[in-house]
Amino acid sequence: MLERYLTAASTYAHSIDHLFILIAVIVGFWLIAAEGMMFALIFKFRAKDGRPTQYITGEEPHLKRWISIPHYLIIVCDIVILAGAITVWYQIKQVMPPADATVRVIGQQWAWSFQQPGPDGVLDTADDIRTVGEMHVVVNTTYHFELLSRDVVHSFAIPAFRLKQDALPGRTISGWFRPNRVGTYDIQCTQMCGIGHALMAGRIIVETPQDHAAWLLRNSSPAVAEQQASPAPSSDGMATMAEVRR
Amino acid sequence: MSTEVQHAEPGIFRKYLWSTDHKVIAMQYLFTGMAMALIGAFFAYVFRMQLGFPNQNVPGYGIVTPARYNALVTMHGSIMIFWVAMPVLIAAFGNFLIPLMVGCDDMAFPRINRLSYQIFLLSALVLLSSFLVKGGPFGGAWTAYPPLSASGAYNLTPIGATLWLLAVALEFVAFLLGGINFTVTAMNSRAPGMKMYDIPILIWMIILANIVFMASAGPLIAGAVMLLFDQTISTGFFDPTRGGDPLLWQHLFWFFGHPEVYVVLLPAMGIVAEIIAVFARKKIFGYKTVLYTTWAVGFLSFVVWAHHQFVAGVDPRMANIFSITTLLISVPVTEMVFLYIATLYGGSIHLDTPMLWALAFIAEFMIGGVTGIFLGSSGTDIYLHDTYFLVAHFHYTFVPIAIIAVFAGLTFWFPKMFGRMLNETLGKIHFWGTVIPFNVIFIPLFITGMAGDQRRIYNYAQFAEQSRPALQHLRTTSTIALLVMLSFQLVFLFNFFWSLRNGKTAGANPWRSTTLEWTVPSPPPHGNFAEMPTVYRGPYEYGLPGRADDFLPQNVPD
């Protein structure tokens, strides 16, 4: 259902979409039943001359059933929904599948910046690639992220991945995602973070291993690095390898 | 506002500024709340225009800057909850109706009551004054999460943020005073013979709402003081660089913030119960069960707060517990709604304007209720949290509460308050002109939320997925529906003020109702009851078999 309105591009997006459908079916049934019952009663018992009101307290067992049976059915429905909700939550937020790579995501007023391992595949080494506003990842690869904030509370959201996690100053919060569809998707900040909140956009580019290797090469080859570093500092906010090496 | 007629003569000046009559204070709360509602509605108009027609000149306002947009949504939320829903639902209806419905001459503490309104008025003025200070009003959302709210360097509204906080704290003082007063009055000042289970459901609901409010406000007031210190004398309660913790505020805020939903819901449910009983000519189906579900809701409302924080960075295991409690609270709320629907069974339903509003409350609130399940379920909340799906959901609860139920109550008790009837035709035009556009405003927003629209964004141009034309059409539709809904409020304002002078004279009991407020003249004189009433039975004796009349008031001896 959600996929009709927004692409699903991560492995757990479908879990959330399916849970959404489960809940929609259950609560949709109850909503239609209750609204239908209400309008039927309004119509059936509209005021008519000569028809007296029935004196009902609500304690009569044969009438009370109309409340108590739905009451138990709703508890059953709640349990079904909870089972689904907790299963999905557990899979996304409580356990982390083994990582193919780890990235660092940093929120600050009002931009997202990313630190990714360079060709050596290890974070916090000299060949790390740092980018602002744009993150490149490989399709069908499990990423762990470490989420930080430099100032206020932000929220790191990639709607197409169905991913959302607040970034808190003073803490590192871990999470994971596994993109499964090539494309470019929005990164949002979904927590009010000041006047630039609406400008705190980013993009995540999910690419094939070949494209990603090419991107890695472009961003870590000494030639490019020197070229970007020598005449003027890079204007687009991309801190490149050259700066790291200096 | 009634204080504006103060210059006519000194006696009236004295009356409106210092009167301790519960009815005068109720009217002051009502008119202040209505004035604040107009301000809150104007803000909604401005920011919806910006969303519907981005970066255009908004007629009557001008260009909406990002800073102003943030301030407008912050103030809209704060005003509608703290300065409209609470004063009108709890203070206006509570003040007017508690003494009249329990059968006493005034509140237990009339002077505390007066003080409560004065502080409330001050809090509203403090809030509005933030539009005049350097940097403008606070724009960090009505939830005011630190460190953004704690530091002028982050929010760029150092004075506005402090004024907002002071205004909220003052408002809380006003409602704590009121809450004590309402509770004591209903417990101690009831007419002889009115036992616990003879109290009208509305009074029960207002009392329980006040108890929930008083029990939940403490942590937030403590939090507000800490935040005030962080802002003004550089303490570090919420500053992680100095050992503080921003999450602490979120817990303190939502420990209050979620019960607050039920603080305003319960009086609305109470108003609807009274009206359904009268216009269906029926006893409330399972009066005691309604009360038990109310108590259950009140109790459970204290253990659901962290469902606002599933993705806030708290321990993820906690989400499971709060998902369970959140879905659990759906059980008593649903049951209460079912009991109201069951009350219609076997009735003789008259669709006068108050009844239309009451039935619309149930119909619309159910949509708000079921969409809450998507958000209370931790799994789906990951995606829907802080999207327009959430915005649409809580407007489907708060608009029925603060708008639909208030109109239900106003059209129902207007004859008692002012002694004249409202015009029924205008009332129905206003009803349909409000309820239909209301749905057209918020159903599109469910869809934009499902498509990923996040909240509090003044312009989606930065987001490729969000700036699709189809989504912009939905936003524009929503804005146009808001314009239609707002324009129909003029019908209400005209009807209200026209009927004050020209309405048909109401008489004591125009709706042929059973509760005590209808046994006194309309409007009730100072001191309410010429002869203090005695109560012989419960509040909803309609359609008793073997009687000529279809209703038996509480104060008529057998």
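All figures in this text were calculated on a predicted structure; none of them were measured in a lab.

Cut-offs applied
- Residues numbered from 1 in each chain as written.
- Chains lettered and ligands numbered in written order.
- Predicted model: local features only at pLDDT ≥ 70, side-chain atom pairs only at ≥ 80, totals over all residues.
- Helix = DSSP H or I, 4+ residues; strand = E, 2+ residues; numbered from the N terminus.
- Buried ≥ 20, exposed ≤ 12 C-beta atoms within 10 Å, placed from the backbone.
- Contact = placed C-beta atoms within 7 Å.
- Rg over C-alpha atoms; globule rule 2.2 N^0.38 Å.
- Expected span 1.5 Å × (residues − 1).
- Nonpolar A, V, L, I, M, F, W, Y, C, P; charged D, E, K, R; others polar.
- Domains from an automatic or database assignment.
- pLDDT = per-residue confidence, 0-100.
- Pairing = 2+ DSSP bridges.
- Axes fitted to C-alpha atoms, helices over the stretch in contact; angles between N-to-C directions.
- Core = buried A, V, L, I, M, F, W, Y, C linked by C-beta atoms within 7 Å.
- Parallel < 35°, antiparallel > 145°, perpendicular 65-115°, else oblique.
- Left-handed = near helix turned anticlockwise from the far one by under 90°.

Draft legend 1. Up close: the overall build of chain A. Counting its regular elements, chain A contains five helices and ten strands. Here chain A, with 246 residues, has 37% of them falling under the buried criterion. In chain A, the share of contacts with a sequence separation of at least 24, taken over all contacts with a separation of at least 6, comes to 62%.

Draft legend 2. How the structure looks around the overall build of chain B. From N to C terminus, chain B includes 15 helices and zero strands. In summary, chain B has a C-alpha radius of gyration of 23 Å against a globular reference of 24 Å for 558 residues, a match within 12%. Principal-axis analysis of the C-alpha atoms places the extent of chain B at approximately 70 × 50 × 45 Å. Split into buried and exposed, the 558 residues of chain B put 61% on the buried side. Across chain B, the fraction of contacts at a sequence separation of at least 24, relative to all contacts at a separation of at least 6, is 80%.

Draft legend 3. Spotlight on helix α2 (residues 22–52) of chain B. For α2 of chain B, built from 31 residues, the straight-helix expectation of 45 Å at 1.5 Å per residue is met to within 8% by its first-to-last C-alpha distance of 43 Å. Most of α2 of chain B sits out of view: 24 of its 31 residues are buried.

Draft legend 4. Quick look at the interface of chain B and chain A. Contact residues are listed per partner, giving 83 residues for chain B and 74 residues for chain A. Among the secondary structure elements, those contributing two or more residues to the side of chain B that touches chain A are α3 (66–102), α5 (152–155), α8 (246–279), α9 (287–300), α10 (316–343), α11 (353–376), α12 (378–384) and α14 (424–450) of chain B. Broken down by element, the residue count for the side of chain B that touches chain A peaks at 15 residues, all from α10 of chain B. Classifying every residue of the side of chain B that touches chain A gives 47 nonpolar, 27 polar and nine charged.

Draft legend 5. Quick peek at the environment of Ala 360 of chain B. Residues and elements named next belong to chain B. Its location among the elements puts Ala 360 in helix α11. When the C-alpha atoms of Ala 360 and Ile 404 are compared, they prove to be 7.3 Å apart, with 44 residues separating the residues in sequence. Residues within four places of Ala 360 in sequence aside, it is in contact with Ile 404 and Val 435.

Draft legend 6. Examining the domain arrangement of chain A more closely. Residues and elements named next belong to chain A. Taken domain by domain, chain A consists of domain 1 (7–94) and domain 2 (101–245). The interface is formed by eight residues belonging to domain 1 together with twelve residues belonging to domain 2. Grouping the amino acids of the side of domain 1 that touches domain 2 by side-chain chemistry returns five nonpolar, three polar and no charged.

Draft legend 7. How the structure looks around the environment of Asp 245 of chain B. Residues and elements named next belong to chain B. Turning to its location among the elements, Asp 245 is positioned in the loop between α7 (201–232) and α8. A count of 18 C-beta atoms within 10 Å places Asp 245 in the partly exposed class. Between the C-alpha atoms of Asp 245 and Ile 112, which are 133 residues apart in sequence, the distance is 37 Å. For Asp 245, the contacting residues outside a window of four places in its chain are Phe 238 and Pro 240.

Draft legend 8. Main features of the confidence of the model for chain A. Scored by pLDDT, chain A comes out at a mean of 89, with 89% of its residues at no less than 70. Taken together, the stretch residues 223–246 of chain A has pLDDT below 50 and engages in 24 contacts with residues farther than four places along the chain or on a different chain.

Draft legend 9. Quick look at the sheet that holds strand β6 (residues 154–158) of chain A. Residues and elements named next belong to chain A. Taken in spatial order, the five strands of this open sheet run β4-β10-β9-β6-β7, and their pairing is mixed. Taken across any chain shown, the strands that pair with only one partner, and hence form the sheet edges, are β4 (134–138) and β7 (163–167). Strand-to-strand twist in this sheet, taken as the mean axis angle between neighbours without regard to direction, amounts to 20°. Pairing between β6 and β7: five bridges, direction antiparallel. Residue pairing for β7: Phe 156 is matched across the bridge by Gln 165.

Draft legend 10. Representation of the nonpolar core in the model. Formed by 251 residues in total, the largest nonpolar core has its most connected members in Ala 85, Val 272, Phe 361, Ile 362, Ala 402 and Ala 408 of chain B. Top contributing element to this core by residue count: α3 of chain B, with 25 residues. Of the residues that make up this core, three or more belong to each of domain 1 (7–94) and domain 2 (101–245) of chain A. If sequence neighbours within four positions are ignored, Val 272 of chain B has contacts with Tyr 340, Ala 358, Phe 361, Ile 362, Ala 405 and Ala 408 of chain B.

Draft legend 11. Examining the sheet that holds strand β2 (residues 111–116) of chain A more closely. All names here are of chain A. Read from one edge to the other, the open sheet built from five strands follows the order β3-β2-β1-β5-β8, with strand pairing classed as mixed. The open sheet is flanked by β3 (129–132) and β8 (173–177), the only strands paired with a single partner. Each neighbouring strand pair of the sheet contributes to a mean axis angle of 25°, computed without reference to strand direction. Note: strand β1 (residues 101–108) against β2, five bridges, orientation antiparallel. Its bridge partner being in β2, Arg 104 is matched across the sheet by Gln 115.

Draft legend 12. Focus on helix α15 (residues 469–502) of chain B. Residues and elements named next belong to chain B. Taking 1.5 Å as the rise per residue, α15 with 34 residues should run 50 Å; its terminal C-alpha atoms sit 49 Å apart, in good agreement. Among all positions in α15, only Leu 471, Leu 474, Arg 475, Ser 478, Thr 479, Ala 481, Leu 482, Met 485, Phe 492, Asn 495, Phe 496 and Ser 499 are buried. Residues of α15 that are buried sit in contact with α2 and α14.

Draft legend 13. Quick look at the pairing of strand β10 (residues 202–207) of chain A. Residues and elements named next belong to chain A. Side chains Gly 202, Ile 204 and Val 206 of β10 all project onto a buried face; the interleaved residues Arg 203, Ile 205 and Glu 207 project onto a face where none is buried. Here β4 pairs with β10 via five bridges, running parallel. For Met 135, the partnering residue across the bridge sits in β10 and is Ile 204. With five bridges connecting them, strand β9 (residues 183–189) and β10 associate as antiparallel partners. Across the sheet, residue Asp 186 finds its bridge partner in β10, namely Arg 203.

Draft legend 14. Representation of the pairing of β2 of chain A within the structure. Residue and element names in this part refer to chain A. Counting the residues in the hairpin turn of β1 and β2 gives two residues. When β2 meets β3, the two strands line up antiparallel, connected through four bridges. Bridging from a neighbouring strand, Phe 114 pairs with Thr 131 of β3.

Draft legend 15. Structural detail: the packing of α11 of chain B against α14 of chain B. Residues and elements named next belong to chain B. Direction vectors running N to C along α11 and α14 enclose 15°, while the axes themselves pass 9 Å from each other. Considering the angle they form, α11 stands roughly parallel to α14. Judged by the sense of rotation from one axis to the other, the crossing of α11 with α14 is left-handed. Between α11 and α14, the residues in contact are Thr 353, Leu 356, Trp 357 and Ala 360 and Glu 424, Gly 427, Lys 428, Phe 431 and Val 435, respectively. Residues that form the contact of α11 with α14 fall into these classes: five nonpolar, two polar and two charged.

Draft legend 16. Local environment of the environment of Pro 246 of chain B. Structurally, Pro 246 of chain B can be placed in helix α8. For Pro 246 of chain B, a count of 26 C-beta atoms within 10 Å puts it in the buried group. Considered as a pair, Pro 246 of chain B and Tyr 145 of chain B are 101 residues apart in the sequence and their alpha carbons are 7.4 Å apart. With sequence-adjacent residues up to four places away left out, Pro 246 of chain B is seen in contact with Val 153, Leu 168 and Pro 169 of chain A together with Tyr 145, Pro 146, Pro 147, Phe 238 and Pro 240 of chain B.

Draft legend 17. Inspection of unusual backbone geometry at higher detail. A cis amide bond, omega -5°, links Gln 109 of chain A with the succeeding residue Trp 110 of chain A. Structurally, Trp 110 of chain A can be placed in the loop between β1 and β2. With an omega dihedral of 0°, the bond running from Pro 146 of chain B to Pro 147 of chain B counts as a cis peptide bond. Take Pro 147 of chain B: it is sitting in the loop between α4 (110–129) and α5. A positive phi is found at Asn 55 of chain B, a non-glycine position, where the angle reads about 65°. As for its placement among the helices and strands, Asn 55 of chain B is situated in the loop between α2 and α3. In this model, Leu 156 of chain B sits at a positive phi of 65°, which is unusual for a non-glycine residue. Considering the arrangement of structural elements, one finds Leu 156 of chain B in the loop between α5 and α6 (158–188). The exposure class assigned to Leu 156 of chain B is partly exposed, which follows from the 19 C-beta atoms found within 10 Å.

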